[in-house]
Amino acid sequence: MFKNIREDIASVFDRDPAARSTFEVLTCYPGLHARVFHRMSNTFWHMGLKWLGRFTSHIARAFTGIEIHPGATIGRRFFIDHGMGVVIGETAEIGDDVTLYHGVTLGGTSWKEGKRHPTLGNGVVVGAGARYWGQSISAMVRRSVLTRWW
């Protein structure tokens, strides 16, 4: 767990020139806090403790302004910058080295069970305010910035 947190902190320094110290990142970066909470809620979710996973994600949303469903799959070195209003749905899959900016929605396309939320490939950057529903964003756009898909 601590290896993952160290890796997440390093990804903040790699992608945010405003980050000044590890202490600042640990105490003042809601994207990092949301990621730590998501690891807990996702663990509960996969243990079959669905309510506890949802409740943990609910507390995280109140604390950070970022809503990540405990069923979402998130890769390594995931970074949310200025995270207020970010929403990530239950069946979303996020690859390694992905960056999201504030106000991004990875939303569902149906009320039916099964895959309803987008998949982001490795290295994708999603710009502020983007709304994306269904299908996938992969290596084709991984080096460019996704700003709006609706």
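Computed from a predicted structure; not experimentally measured.

About the thresholds
- Residues numbered from 1 in each chain as written.
- Predicted model: local features only at pLDDT ≥ 70, side-chain atom pairs only at ≥ 80, totals over all residues.
- Heavy atoms only, no water.
- Salt bridge = Lys/Arg side-chain N within 4 Å of Asp/Glu carboxyl O.
- Helix = DSSP H or I, 4+ residues; strand = E, 2+ residues; numbered from the N terminus.
- Buried < 20%, exposed > 50% of the residue type's maximum accessible area, 1.4 Å probe, protein only.
- Phe/Tyr/Trp six-rings, centres within 6.5 Å; stacked < 30°, edge-to-face > 60°.
- Core = buried A, V, L, I, M, F, W, Y, C linked by side-chain atoms within 4.5 Å.
- Contact = heavy atoms within 4.5 Å.
- Pairing = 2+ DSSP bridges.
- Expected span 1.5 Å × (residues − 1).

Peer 1: I would appreciate a short explanation of the pattern of salt bridges in the present structure.
Peer 2: Any two side chains of opposite charge can pair if their charged atoms end up close together. Inspection of every chain in the model, using the stated rule, returns nine salt bridges. Among the salt bridges present, the one from Glu-7 reaches Arg-76, with a minimum N-O distance of 2.3 Å. Of the two residues, Glu-7 sits in helix α1 (residues 2-15) while Arg-76 sits in the loop between β2 (73-74) and β3 (79-81), which places them 69 residues apart along the sequence. Assessed through its relative accessible area of 40%, Arg-76 is described here as partly exposed. With its nearest N and O atoms 3.3 Å apart, the salt bridge here joins Glu-67 to Arg-61. Of the residues examined, Glu-67 reaches a relative accessible area of 32% and is grouped as partly exposed.

Peer 1: I would appreciate a short explanation of the packing of aromatic side chains in the present structure.
Peer 2: To describe a pair of aromatic rings, you give the distance between the ring centres and the angle between the ring planes. In total, this model carries two aromatic pairs according to the counting rule given. Both rings, one in Phe-37 and one in Phe-63, keep their centres 5.9 Å apart while their planes meet at 65°; by these two values the pair is edge-to-face. On the criterion of sequence distance, the pair formed by Phe-37 in helix α3 (residues 30-46) and Phe-63 in helix α4 (residues 50-64) is long-range, its members being 26 residues apart. Residue classification places Phe-37 among the buried positions, given a relative accessible area of 19%. Of the residues examined, Phe-63 reaches a relative accessible area of 54% and is grouped as exposed.

Peer 1: Would you take a moment to explain the nonpolar core for this structure?
Peer 2: Soluble globular proteins: nonpolar side chains tend toward being buried together. Judged by nonpolar contacts, the single largest core of 20 residues is most densely connected at Ile-68, Phe-78, Ile-88, Ile-94, Leu-100, Leu-106 and Leu-120. With sequence-adjacent residues up to four places away left out, Ile-94 is seen in contact with Thr-73, Ile-74, Gly-75, Phe-78, Ile-88, Leu-106 and Leu-120. Core analysis: the second largest hydrophobic core is formed by eight residues, Ile-9, Val-12, Val-25 and Tyr-29 among them.

Peer 1: I keep staring at the sheet that holds strand β10 (residues 131-133) and nothing clicks. Help me out?
Peer 2: Sheet strands associate in pairs through backbone hydrogen bonding, adopting either a parallel or an antiparallel arrangement. Strand order across the open sheet formed by four strands is β1-β4-β7-β10, with parallel pairing between neighbours. Only two strands of the sheet have a single partner each, and these edge strands are β1 (67-68) and β10. Alignment of strand β4 (residues 87-88) against strand β7 (residues 105-107), held across two bridges, turns out to be parallel. From the neighbouring strand, Ile-88 faces β7, where its bridge partner is Leu-106.

Peer 1: Got a minute to help me understand α3 in this structure?
Peer 2: Each turn of an α-helix holds 3.6 residues, which means side chains three or four residues apart point in the same direction. In this model α3 runs 24 Å from its N-terminal to its C-terminal C-alpha over 17 residues, within 8% of the 24 Å that 1.5 Å per residue would give. Those residues of α3 lying buried are Gly-31, Leu-32, His-33, Ala-34, Arg-35, Phe-37, His-38, Arg-39, Ser-41, Asn-42 and Trp-45. Against the buried residues of α3 lie α1, α2 (22-28), α4, β1, β2 and β3. Gly-48 occupies a position one or two residues after α3 and carries a positive phi of about 90°.

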